[in-house]
Amino acid sequence: MALELVGGAFLSASLQVLFERMASLEIVDFIRGKKLNEKLLRKMKIMLLSADSVLNDAEKKQISNPYVREWLGHLQEAIYDAEDLLQEINTEALRCKIEEGFDEQGSSSGGHQVLNLISTTFTTTFNEQVEPKMTEILDRLQFILKQKDNLGLRGGDTVKNRSLGRLPTTSFVEESSVYGRDEDKEAIIKLLLENDHCRGNNMSVIPIVGMGGIGKTTLAQIVYNDERVKECFEFKAWVSVSNEFDIFKITKTVAYRVIGHTFKDDQDLDLVQLELNKALKGKKFFLVLDDVWNEDYQQWEEVKKPFECGAFGSKIIVTTRNESVASVMHDSIPVYHLRTMCDENCWKIFVKHAFNSVDPCAYPELEEIGRQIVKKCQGLPLAVKSLGSLLRSQLNPEEWKNILKSDMWELPTVKNNILPALWLSYHYLPMHLKRCFAYCSVFPKNYKIDKENLIKLWMAEDLLKPQKKKRIEQVGEEAINELLSRSLFRQVLRESWFKKSPICYTMHDLVHDLATFVAREFCLSLDVSSTNKFLNKVRHLSHEKEEKYDLKKYEYLSTAESLRTFFFPSQCYGVIQLHLQNLVAKSLPALTCLRVLSWNGSSITELPDSIGNLKLLRYLNLSGTKIKEIPTFLCTLYNLQTLILSHCRELKLLPADMGRLINLRHLDLVDTNLERMPIEIGNLKDLQTMTNFVVGKYCGYTMELLRYLQHLHGKLCFSELNNIFKVEDVLMAKLTDKKCLTELEFSWGLNGFDNYGMHKAVLNGLEPHTSLKLLKIQNYSGEQFPKWLGDPSFRNLEEIQLEGCGECSILPPLGQLPFLKHLSVTGFDELVKISDEFYCSGCSISARPFRCLEFLKFYDLRKWEEWSLIDSFLDLKKLVLGYCPKLTACICLPNTIQQVHIEECRNLVLAGIMQHCHGNLQRLEISKSCDNINSIVLDYFPMLEVLSLESCENLESLTCSEQPHPPMLPFRTRFQLKDCPKFVSFPHGGLHAPNLEDFRIEDCNMLRSLPGHMNTLLPSLCLLSISNCPELESFPECGLPSKLEHLEISCCNKLFSNRMLWNLQTLTCFHSIQISNMDEHVLDSFPEEGLLPTSLNCLTINSLPHLKALNGNAFQQLSSLKRLGISRCQVLQCLPEGLPPSLSVLTIYDCPLLKQRCQRYIGEDWPKISHIAHIKMDYSCM
C-alpha cells in the first residue's frame, strides 16, 4: 500500500515547533547570560535538521519495515526530551524575570520570602545540569542518525509527492449489494429533480458530506444510475476528482462524455472549455464530482465556467468529507450530511461478505461474534465490508475473536480498505493540526470531549500555532471547527441536565484508532486492555472508563519521568480511590515534566508539596476535590495557564500571592464557597476567563480589583454584592468597557448583613457593555430595576433570568429588546400584575413587543393575579408556568408553540386547547392545573411527542374527533397519566401511536381498561408501567405489543390476580419485569411456571408481604436471567434450588429471613447463590 504514513509527518510538525523555540530570545539570552556552550544548541539544531531530511522516506517505509517504525519512535523520544529541556530553560528565565520584578518592588512579606526560598532551592543546580542534559540528548541523536544509513533512509524530496495509491472511482455500482440507503437515495433524487433551489441560477450544487468510508460514493453511484435521473437529464458525467483538483482533467473528462471525442493533454484549456460550453448550452445536465478535497474558491470558479450555460435545473453532486469544501462549492441547496448506518443494515453487509451468502444461523457462535464486530464498526459500511472480507470463508471462532479485539490498524493490510480511506483525512490535515488530533487519543473511546477544556489542554501542551491578532483560544476554536469540518470530530448534544455547554464532541471508534496509531505508545488511555509495560515512554496518560480500577497499573507510574499529561480517574471511589491517591502522590516528585495534571473528582483534602516542583505545569484541575486551601507554593508555578477549582466547596480563600501567576488565563471558581478574592487578582492582566468574583466584606477586596482585567471573556458571576457599601467601587470596575464579557450574573447573598438601600444604586452602577448576550439577576431586593435594563441599545441580549427579586412589584420594560429569545422570571413575591409597562418603556408600544422571544417562564409568583397583553408572544416556542396559584387568565397558545409545561395553576384556562389544532406542539405537560379541562381531543396535536397529565381533577377522557377509526398520533417518547381520579376512558378503538415507546398510568382509580388493540396500534412500545389502578382487571384481549421490553406493575391487585392471562411468552423482545406492592393474601409461591418468558434477564420483586416462597421450577426455565432483585418480602422464607447459572447480579433488601440464610459461607442458602458474581444484601456487597 502506497501511503504517506504518520510518524514522519507527525515528527515534522514537532520539529518545526522545536526550531522556533531554539531561536527564541528567551532561550538564546539565557544560554548567553549563563555563559553556557552555545555550540551545543547549534549542534542539536543541525542534527534535527538532518533527521528532518529523511523523515519523508522513513514515513513511506515504516509500514512495511518495523525497524524503521521503531527508529522513528526513538527519534520522537529524543525530540520530546529536547522539548522538555528547552521548556525548563525557558521556565528558569521566566522565574528570574518575575522574581527580579518582585524584588524591585521591595516586597518583604513573609509569603514572598517563602516563595523566593522555594524557587532558589529549585534552581540551585539547574544551571549545572543544562549542559550535561544537552550533551546526553546530542549523543542519543548522533546514535539514532547513524542508523538511518543502515535502514536505507535517504533525504531529498523524491517521496513527498508520491501517489497515495487510491484507485479512481467509477459510476458503476452493484445496487443489490447496497443496504440501508433508500431514504438517503430518495432525498438526493428529490433534490435533483426539484428546481426550487436554483434561485435564478441555471445550475446548482448538492454537496454530500461525511467521514471516510461512510458511503458517499456509493450513494452518488446509486443516484447516478437511477432511471428517473437518466430520464430527467440530457447529459450525465462522472468525474473521480480525489486529491488533485486538476481543472483541465475535470473539464476534459466531462467534455468527452458530452461531445464524444478525446482531447490531448497538450491542448489548450480555453479551447476545451469553449467546446464544452457550446455543447451544453441550453441542455440540462447532471454531473458528479466524487471525492473532492479542493478548498480554493478561485479554482472552483474556473472549473464551473463552461457549465453555467446549461439549462435551468442542471445539477452537480459533490462528495467530500470536508465541510469547508462544501461551503466553497455549494450555493442555495443545504449540505446533505450522510449519517452512519444502523447495525441491522450493517449486519446485512457483513453477512454478504463474511458468510459468502450462507445463512449465518448455521454458525451461531460466529454469528454472535460477528454481530459484536458489526457494533465495533459503529455504522461505517466500508469497515463492515473490510472486516467481512477478512473473515470470508474463515470458520475458526478464534480468528473472529482476534478481529473483534484488534484495533483497525493492527489488521492485515491486504484486504483492509479502512486504512487508506481514513488515512486521507489525516494526511490532508494542516501540519499544526496533526499533533492536536493525535493528542485526542488520550481520551477513551466514546468520551465526550468538552470544547473549552480541550482548547486549554492543547494550550498547555503547546500544540496550537500562535497567529497574529488572534487569541490563542480563538486558534484552538478554529482547530476544533477544522477537525469537525473534516469529519474527524462528531458534534453531539449533551444530556439535558448538563448546564455548562449543550454541545460536545466525540470521535468515531475507527478515527480514535487512527489517532492512537498516530500517537504511538506516547499516548495511553489505561482501560481494561491496557498495560503499564511502557509507562516509561508514555507522555500522556488517562484512565476514565473502568468500573473496577487495577492498582497494579500504577505501580510503575514513578518510572514515567517524562509524563506530560495525567488525568486522575474521575470515576474511582472509596478505598480504591484513597489507595490510588496515595500512589499518585508518591509518584509526583518524579513527574517533573508534567504540563497537565487533573485531580478532578478525587477526594484529596490537601495538595502534595511535590506539586510545587512541577515547574512546567500549565493546567491544574482540582474540581470536585475537598481541598480547603491553595498552598502558597502553587504561586511559583509561573507557567500555569489554567486553574480549575469548580465545585471545591470546602475552599474558602485563594492564596494572597496569586499575582505571581502572570501567565494565568483561565480561573474556574464555579460552585465554590470563597469568602473574597485576593487583592493581587488585579495583577493577572492576561486573565481571559474568571467564572466568579466574590465581593469581600473588607476594604480592598471589592470590585475595584477588576479595573485592570481588560481581557475578560465569556461568563462572569458576581456574588455577595450585598457586601458593597460604596457605589464608587462598582464604577471603578468599568464593566461598560469590558465588551468581551458576554454573560453576566449579579447575585446578592442571603446571609449576613445586607444594605438593602444600596441594591438599586449598585445594580445601576453594574451597567454592562451592550455586547452582552445573557444576563442573570438573583436575590435583588430593590423595588425597581435601573433604566439600562430593558434599553433597546442592548441589541445582542438574547437571554434574561430574573430570580428571587422579592421586593419588586414591577417588571422591567423588556418587550423592546430586539433579539431577546429567552426570558425567565421566578420568585417575585410582590408581583401582582404584569401590565403594559412590561412590554415597552414609554407610553405606547413603538414596535411589536418580544418579537424574537421563543422561551417564556413565569414560576413561583404567589401573588400574581393579572396578565395584560397576554397574546403578545407571537413567536413563542416554549411556555413554562408554575406555582402561580392566584393567576386567573385565559391563554391562547400561538401557532408557533412547541412545548407547554404548566404546574400548580388551577385557575388558568388554556383557551382552544380542546377546540383548535396546534400543529407545532410537541410536548404538553400539565400538573395540578387547568381545572377546566375535562376532555382532550388528541388529533388536535398532530406533532405531539410527549403528553403528561398529572392531577387533572376533572379530566374524564381522551378522545379523537374521527370515530370509529382512530387517527395516527405522533407520540414518540412518553405518554403519562397520573392521579386523574375521574379519568375513565381512552379513545374508542384505541390509541394509534406507532412511534410511542413509553406508556405510564398511575393513580387512576376509576380506570377499568387500557387502550384497545395495543398489540397493533402501539407496535414500538418498549415500556409499560401501571401503578395503583385498582379497577383494572386485565390487559387488552389482543395482547401486548410484541416489541415490549419492560413491564412494571404496582398496586393493581385485580390485574395481578389474573396474571396467567398476561401471555408474556409471545413477547419476543421482553426481558425485564418489576412486580411490587401486591396485597394478594394467599401467595404461597411466585412466579408460576410458564408465566415469564425464557428471554427474561431482569426480575424485580418488591413489597409482596404475603409471598412465602419462590418457585424453583419456574426459575429453572429462565435460562437468560442475569439480574434478580428481591425487597421488602418479610415472610419469604428461602431461595429456591436451581437458580439459573446465567444469574450474575442478586440484590436483596429488607428480607429478614433471607438475610440470615444467605450469609457468606455459613448461611443455609449460600450454596444456592455462591456462583453469583455480584451479591448485595441491604446495600452492602457480599
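- An unreviewed UniProt entry lists the protein chain under the name Disease resistance protein At3g14460, with Ziziphus jujuba given as the organism.

Remarks on the sheet that holds strand β3 (residues 285-292)
Then, number 1: In spatial order, the strands read β2-β3-β4-β1-β5; together these 5 strands make up an open sheet with parallel pairing. Looking at which strands have only one partner, the edges of the open sheet turn out to be β2 (235-242) and β5 (336-337).
Then, number 2: The pairing of β2 with β3 spans 7 bridges and is classified as parallel. Paired with Trp-238 across the two strands is Val-288, which belongs to β3.

Notes on the nonpolar core
Looking at soluble globular proteins, one finds that nonpolar side chains tend to be buried together.
Then, number 1: Of all hydrophobic cores here, the largest spans 201 residues; its most connected members are Phe-746 and Trp-867.
Then, number 2: Cys-346, Tyr-426, Val-475 and Met-507 belong to the second largest nonpolar core, which has 86 residues in total.

Things to note about helix α17 (residues 397-405)
Then, number 1: Every buried residue belonging to α17 is among Pro-397, Trp-400 and Ile-403, and all of these are buried. Viewed along the axis of α17, the buried residues span an arc of 115°, placing them on a single side of the element.
Then, number 2: Close packing links the buried residues of α17 with α14 (343-354), α15 (364-376) and α16 (381-390).
Then, number 3: N-cap assignment for α17: the residue whose side-chain oxygen lies 3.0 Å from the backbone N of Glu-398 is Asn-396.

With respect to the pattern of salt bridges
Then, number 1: Per the counting criterion, the structure on display carries 59 salt bridges.
Then, number 2: The salt bridge partner of Arg-564 is Glu-83, with a shortest N-O separation of 2.8 Å. Of the two residues, Arg-564 is situated in the loop between β9 (540-542) and β10 (565-567) and Glu-83 in helix α4 (residues 66-104); the sequence distance between them amounts to 481 residues.
Then, number 3: A relative accessible area of 5% means that Arg-564 is categorised as buried.
Then, number 4: Its salt-bridge partner being Asp-998, residue Arg-1000 comes within 2.9 Å of it at the nearest N-O pair.
Then, number 5: Residue classification places Arg-1000 among the partly exposed residues on the basis of a relative accessible area of 27%.
Then, number 6: You can call Asp-998 buried: its relative accessible area is 13%.

Quick notes on the packing of α15 against α17
Then, number 1: For the pair α15 and α17, the least separation of the axes is 9 Å and the interaxial angle reads 15°. Classed by the angle they form, the pair α15 and α17 counts as roughly parallel. Regarding α15 and α17, the two cross each other, and that crossing is left-handed. Here Glu-365, Leu-366, Ile-369, Gly-370, Gln-372, Ile-373 and Lys-376 of α15 come into contact with α17, specifically with Pro-397, Trp-400, Lys-401, Ile-403, Leu-404 and Lys-405.
Then, number 2: Considered class by class, the residues forming the contact of α15 with α17 number 7 nonpolar, 2 polar and 4 charged.

Some thoughts on the side chain of Ser-242
Then, number 1: Tracing the chain through its elements places Ser-242 in strand β2.
Then, number 2: Excluding its chain neighbours within four sequence positions, the residues that come into contact with Ser-242 are Asp-290, Asp-291, Val-292 and Trp-293.

Looking at the packing of helix α7 (residues 182-193) against helix α8 (residues 216-224)
Then, number 1: Two numbers describe how α7 lies on α8: the axes approach to 10 Å, and their chain directions differ by 60°. Put simply, α7 runs oblique to α8. Crossing hand, α7 versus α8: right-handed. Here α7 contributes Asp-184, Lys-185, Ile-188, Ile-189 and Leu-192 to the contact with α8, which in turn contributes Leu-219, Ile-222 and Val-223.
Then, number 2: A class-by-class count of the residues in the contact of α7 with α8 yields 6 nonpolar, no polar and 2 charged.

A word on a nonpolar patch on the surface
Then, number 1: There is a patch of nonpolar side chains on the surface, built from Val-358, Tyr-363 and Leu-395 and spanning about 240 Å² of accessible area.
Then, number 2: Examined against the element boundaries, Tyr-363 turns out to sit in the loop between α14 and α15.

Considering the sheet that holds β10
Then, number 1: The strand order across the open sheet built from 8 strands is β8-β9-β10-β11-β12-β13-β14-β15, with neighbouring strands paired in parallel fashion. Strand pairing shows two members of the sheet lacking a second neighbour, β8 (523-525) and β15 (689-690), which therefore form its edges.
Then, number 2: In the sheet, strand β14 (residues 666-668) pairs with β15 via 2 bridges, with the strands oriented parallel. Directly across from His-666, in β15, lies its bridge partner Thr-689.

Some thoughts on the side chain of Ser-598
Then, number 1: Relative to the assigned elements, Ser-598 resides in strand β11 (residues 596-598).
Then, number 2: Relative accessible area serves as the criterion here: at 5%, Ser-598 is assigned to the buried category.
Then, number 3: Only 3.3 Å separates the side chain of Ser-598 from the backbone nitrogen of Asn-600, close enough to count as a polar contact.
Then, number 4: Residue contacts for Ser-598: discarding those within four places in its chain leaves Phe-566, Phe-567, Phe-568 and Asn-621.

Re the pairing of strand β27 (residues 899-903)
Then, number 1: Where strand β25 (residues 878-882) meets β27, 5 bridges bridge the pair, whose relative direction is parallel. Looking at β27, one finds that Lys-878 is bridged to Gln-899.
Then, number 2: The pairing of β27 with strand β29 (residues 923-927) spans 5 bridges and is classified as parallel. Each residue of the ladder has a partner; that of His-901, found in β29, is Glu-925.

Notes on the packing of aromatic side chains
Then, number 1: According to the stated counting rule, one finds 42 aromatic pairs in the structure shown.
Then, number 2: Centre to centre, the rings of Tyr-839 and Phe-873 are 6.1 Å apart; their planes meet at 45°, and the pair counts as tilted. With Tyr-839 in the loop between β22 (833-834) and β23 (855-859) and Phe-873 in the loop between β24 (866-867) and β25, the pair connects residues that are 34 residues apart, well separated along the chain. Neither residue differs from the other here; Tyr-839 and Phe-873 are each classed as buried.
Then, number 3: Note on Phe-850 and Phe-873: the rings are 5.2 Å apart at their centroids and 40° apart in plane angle, and the pair reads as tilted. Remark: Phe-873 occurs in the loop between β24 and β25 and Phe-850 occurs in the loop between β22 and β23; sequence separation between them is 23 residues. Side by side, Phe-850 and Phe-873 carry an identical accessibility label, which is buried.
Then, number 4: Each member of the aromatic cluster is reached from another via a ring pair, and the members are Phe-838, Tyr-839, Phe-850, Phe-858, Trp-864, Trp-867 and Phe-873.
Then, number 5: Its end group placed over the ring of Phe-517, Arg-69 keeps NZ or CZ at 4.4 Å from the ring centre.
Then, number 6: The cationic tip of Lys-857 hangs over the ring face of Tyr-859; the distance from NZ or CZ to the ring centre is 5.2 Å.

Some remarks on helix α2 (residues 25-33)
Then, number 1: Regarding α2, the residues found buried are Ile-27, Phe-30 and Ile-31. Down the axis of α2, the sector holding all buried residues measures 100°, keeping them to one side. When the buried face of α2 is taken as reference, the exposed residues oriented beyond 90 degrees from it are Leu-25, Arg-32 and Gly-33.

Concerning the environment of His-647
Then, number 1: Tracing the backbone shows His-647 in the loop between β13 (642-644) and β14.
Then, number 2: Sequence-wise, His-647 and Leu-622 are 25 residues apart; in three dimensions their C-alpha atoms are separated by 8.8 Å.
Then, number 3: Beyond its immediate stretch of four places on either side in the chain, His-647 contacts Gly-624, Thr-625, Val-670, Asp-671 and Thr-672.
Then, number 4: At 2.9 Å, the side chain of His-647 and the side chain of Asp-671 are in polar contact.

Some details on unusual backbone geometry
Then, number 1: In this chain, Phe-1086 is followed by Pro-1087 through a cis amide linkage whose omega measures -5°.
Then, number 2: Summarising the element assignment, Pro-1087 is placed in the loop between β38 (1083-1086) and β39 (1098-1102).
Then, number 3: If you check the backbone angles, Tyr-883 has positive phi at about 55° while not being a glycine.
Then, number 4: Position of Tyr-883 among the secondary structure elements: in the loop between β25 and β26 (890-892).
Then, number 5: Tyr-883 gets classed as partly exposed once you look at its relative accessible area, which sits at 24%.

Focus: the state of the cysteines
Then, number 1: Within this structure, the stated rule accounts for 0 disulfides.
Then, number 2: The cysteine Cys-805 is free of any disulfide, with Cys-808 supplying the nearest cysteine sulfur at 5.2 Å.

Some words on the environment of Asp-686
Then, number 1: Here Asp-686 is to be found in the loop between β14 and β15.
Then, number 2: Its relative accessible area of 34% is what places Asp-686 among the partly exposed residues.
Then, number 3: Taking C-alpha positions, Asp-686 is 64 Å from Phe-986, a pair spaced 300 residues apart along the chain.
Then, number 4: Filtering out sequence-adjacent residues up to four positions away, Asp-686 remains in contact with Ile-662, Leu-664 and Arg-665.

A few points about the confidence of the model for the protein chain
Then, number 1: This prediction gives the protein chain a mean pLDDT of 86; 90% of its residues lie at or above 70.
Then, number 2: In this model, residues 1-8 is a region of pLDDT below 50 whose contacts with residues beyond four sequence positions or in other chains number 37 contacts.
Then, number 3: Segment residues 158-163 is flagged for pLDDT under 50; beyond a separation of four residues in sequence, or across chains, it makes 12 contacts in the model.

Calculation criteria
- Residues numbered from 1 in each chain as written.
- Predicted model: local features only at pLDDT ≥ 70, side-chain atom pairs only at ≥ 80, totals over all residues.
- Heavy atoms only, no water.
- Pairing = 2+ DSSP bridges.
- Helix = DSSP H or I, 4+ residues; strand = E, 2+ residues; numbered from the N terminus.
- Core = buried A, V, L, I, M, F, W, Y, C linked by side-chain atoms within 4.5 Å.
- Buried < 20%, exposed > 50% of the residue type's maximum accessible area, 1.4 Å probe, protein only.
- Arc of directions from axis to C-beta.
- Contact = heavy atoms within 4.5 Å.
- Polar contact = N/O pair within 3.5 Å; in protein donor to acceptor, adjacent residues only side chain to side chain.
- Salt bridge = Lys/Arg side-chain N within 4 Å of Asp/Glu carboxyl O.
- Axes fitted to C-alpha atoms, helices over the stretch in contact; angles between N-to-C directions.
- Parallel < 35°, antiparallel > 145°, perpendicular 65-115°, else oblique.
- Left-handed = near helix turned anticlockwise from the far one by under 90°.
- Nonpolar A, V, L, I, M, F, W, Y, C, P; charged D, E, K, R; others polar.
- Patch = residues over 30% accessible without salt bridge, like charges linked within 9 Å, V, L, I, M, F, W, Y side chains within 5 Å.
- Areas by Shrake-Rupley, 256 points an atom, 1.4 Å probe, with all protein chains shown as cover.
- Phe/Tyr/Trp six-rings, centres within 6.5 Å; stacked < 30°, edge-to-face > 60°.
- Lys NZ or Arg CZ within 6 Å of the ring centre and 35° of its normal.
- Disulfide = S-S within 2.5 Å.
- pLDDT = per-residue confidence, 0-100.

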